Amino acid sequence: SSGTGASSGGSGAAGVASSEALTFDKDAYTTLTTTITDADGADHDVEYRFYKAITYVAAPVDEKYQCLNVSVPVRIDGTAVDATDAPILFANSVGGYMPSSVADATGVGGGGGGATGMPGGGAPSASASASPSSSASASASASGEVASGGNGMVNAQGGMVSLPKLALAAGYVVVEPGARGRTLVDADGTYYGVAPAAIVDLKAAVRYVRSNKGRIPGDVDRIVSSGTSAGGALSSLLGASGDSPLYDRLLAAIGAADASDAIFATGAWCPITDLEHADGAYEWNWGSNPTSSGSTVDQAVSKDLRSQFAEYQASLRLKGLNGFGALTARNYDEYLVRQYMEPSATRYLAALSDADRTAYLAANTFIKWSGGRARFSWADFLTHVGARKKSTPAFDAFDLSAGENNLFGKGTTKARHFTLYSLRHESGGSARLDSDLPATLHLMNPMPFLTQKPNPHRTKHWWIRLGTKDSDTSHTVSANLAAAANALGDEVDHLYYWDEGHGANSDPGDFIKWIAKITN
Ligand code: DHB
């Protein structure tokens, strides 16, 4: 069964979702109280019901990961709240496509000082979710790319952001699902958390929630997903692929509930997605930027990849937002600067004091500031960002060292190539990708669900955010996602945080308000 590891569970119950096993027990909670500081800095006393480590499939492969927590507010600042019909924040904490577990959380957002890798509980360092503890095989990626999952998010002041906590204090129900991830390996050496396990698990968790309509608090038709980086990619994918039959067999194999897995809205921060096209997009964006050691990457490889991007971008036939015409490799720099980067810098500078703005502009003379607007060139913007984070190819590494090589492992093979270019570079010009890969790549990519054959059951509301200094992937990845959703008539709220890096969330309060607006 296509490398999901689902078959290794050997459970006779596979495919038969026991309705009893998947019935939400509304009495199985503990009541907790906590103080949550909202995005405006105000403290709120929150009393809530905490439902812990509920296995969300009838035939789990690994219950440590295939379980979810539910937090339901009952009293906020002394006033009773009824969350029966409240929106549901479905907050994954996946980082680096690693396993993510909520099994040991002590409260919403991981609770106080939760275990490493838990949402909100870990340190704000990039390593917070890079050590998912349980699996013998869990190891940081050899390439040095690290996970900074859902709650490795930092605000503009460098403080931690916990969307689950903010949502709870706003009166929403919070569901925090775990999911299998790429490093999990069983006693036989089988990698059972490689693609597409994580998305199958998140869909199963959504199905669990929806199948418990009327039992589980919250409006199951108003599920808003959130995630960062790999978690942002999975959040986008959850939104794009809602109710796609392509996952049915895999969902049946783990005993997922028989219910819709469509979600109402997607929140995605720095989504690391469209992986099979990301090497080309990366070189188009960062190809001429130095690496952190000051060297430039192999320019012949970079150029090859860049031309792949041109071809891919043309094939998408996307138009830019706000009347910008066809998006191509030739005009995408212009588009990014005008649509995203200049408005981002403008917002940033406008919010500064006159003295701070003057100082920033003096230190960054590439920005022309006039009439309350920032203007600059793409070339100067690239110079301003500086070192690129990754080498080339950024995702399908020639030596199989990237986390994504492991993500597309299969069976007892830990890591594989997933692009023809890197495969042939290593194995010769006639090498072919393993035959399962095209289908697996499709199951991991939101773009085909928006462009090739638009999915009518996709989310229609998109909140997409990215730091301008984030070079974990190309800036075109988020912008293409936004353009594809926009072309279908969906509501798209997409902006870039000026000078912020990977994992930033500078406007969490606005996201919480956006949920209220779209679910109203
Ligand atoms: C993440 C970061 C990456 O650079 C990547 O390639 C995949 C995932 C992450 O932070 O989740």
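Up top is the structure.
Now for a look at the structure at hand. (Residues numbered from 1 in each chain as written. Predicted model: local features only at pLDDT ≥ 70, side-chain atom pairs only at ≥ 80, totals over all residues. Heavy atoms only, no water.)

Our next topic: the packing of helix H5 (residues 278-286) against helix H9 (residues 378-385). Following both chains from N to C, one finds H5 and H9 inclined at 100°, their axes separated by 10 Å at the closest point. By the criterion of interaxial angle, the relationship of H5 to H9 is roughly perpendicular. Across the interface between the two elements, Trp284, Asn285 and Trp286 from H5 touch Trp378, Leu382 and Val385 from H9. Taken together, the residues of the contact of H5 with H9 break down into five nonpolar, one polar and no charged. (Axes fitted to C-alpha atoms, helices over the stretch in contact; angles between N-to-C directions. Helix = DSSP H or I, 4+ residues; strand = E, 2+ residues; numbered from the N terminus. Parallel < 35°, antiparallel > 145°, perpendicular 65-115°, else oblique. Contact = heavy atoms within 4.5 Å. Nonpolar A, V, L, I, M, F, W, Y, C, P; charged D, E, K, R; others polar.)

Here arginine 432 lies in the loop between helix H11 (420-427) and helix H12 (437-443). Of the residues examined, arginine 432 reaches a relative accessible area of 66% and is grouped as exposed. Taking C-alpha positions, arginine 432 is 9.4 Å from threonine 419, a pair spaced 13 residues apart along the chain. Those residues in contact with arginine 432 that sit more than four places away from it in its chain are Leu420, Leu423 and Arg424. (Buried < 20%, exposed > 50% of the residue type's maximum accessible area, 1.4 Å probe, protein only.)

Quick look at the nonpolar core now. Val70 and Phe376 are the most contacted members of the largest nonpolar core, which has 132 residues in total. Among the elements that line this core, the one with the most residues is helix H2 (residues 197-211), at nine residues. If we skip the residues at most four places from it in the chain, valine 70 touches Phe24, Arg49, Phe50, Tyr51, Ile54, Val173, Val174, Val175 and Ile216. (Core = buried A, V, L, I, M, F, W, Y, C linked by side-chain atoms within 4.5 Å.)

According to the stated counting rule, one finds 25 aromatic pairs in the structure shown. On the basis of an interplanar angle of 85° and a centroid distance of 4.9 Å, the ring pair of tryptophan 269 and phenylalanine 511 is categorised as edge-to-face. Of the two residues, tryptophan 269 sits in strand S8 (residues 265-269) while phenylalanine 511 sits in helix H15 (residues 508-518), which places them 242 residues apart along the sequence. By relative accessible area, tryptophan 269 is classed as buried at 0%. Ring centres of tryptophan 463 and tryptophan 514 lie 5.4 Å apart, and the angle between their planes is 45°; on these two criteria the pair is classed as tilted. With tryptophan 463 in strand S11 (residues 461-467) and tryptophan 514 in helix H15, this pair connects stretches of sequence that are 51 residues apart. We classify tryptophan 463 as buried; its relative accessible area is 2%. Classification of tryptophan 514 as buried rests on a relative accessible area of 3%. Lysine 203 extends its terminal NZ or CZ atom over the ring of tyrosine 247, reaching a point 4.4 Å from the ring centre. One Lys or Arg, arginine 222, reaches over the ring of phenylalanine 264 and ends 4.3 Å from the middle of that ring. (Phe/Tyr/Trp six-rings, centres within 6.5 Å; stacked < 30°, edge-to-face > 60°. Lys NZ or Arg CZ within 6 Å of the ring centre and 35° of its normal.)

Bringing the environment of serine 93 into the picture now. Among the structural elements, serine 93 can be located in the loop between strand S5 (88-91) and helix H1 (163-169). Separated by 265 residues in sequence, serine 93 and threonine 358 place their C-alpha atoms 39 Å apart.

Tracing the backbone shows asparagine 285 in helix H5. For asparagine 285, a relative accessible area of 1% puts it in the buried group. Within the local environment of asparagine 285, its side chain forms a polar contact with the backbone nitrogen of histidine 475, the two atoms lying 2.7 Å apart. Every residue in contact with asparagine 285, bar those within four places of it in the chain, is listed here: Trp378, Leu382, Ser474, His475 and Thr476. (Polar contact = N/O pair within 3.5 Å; in protein donor to acceptor, adjacent residues only side chain to side chain.)

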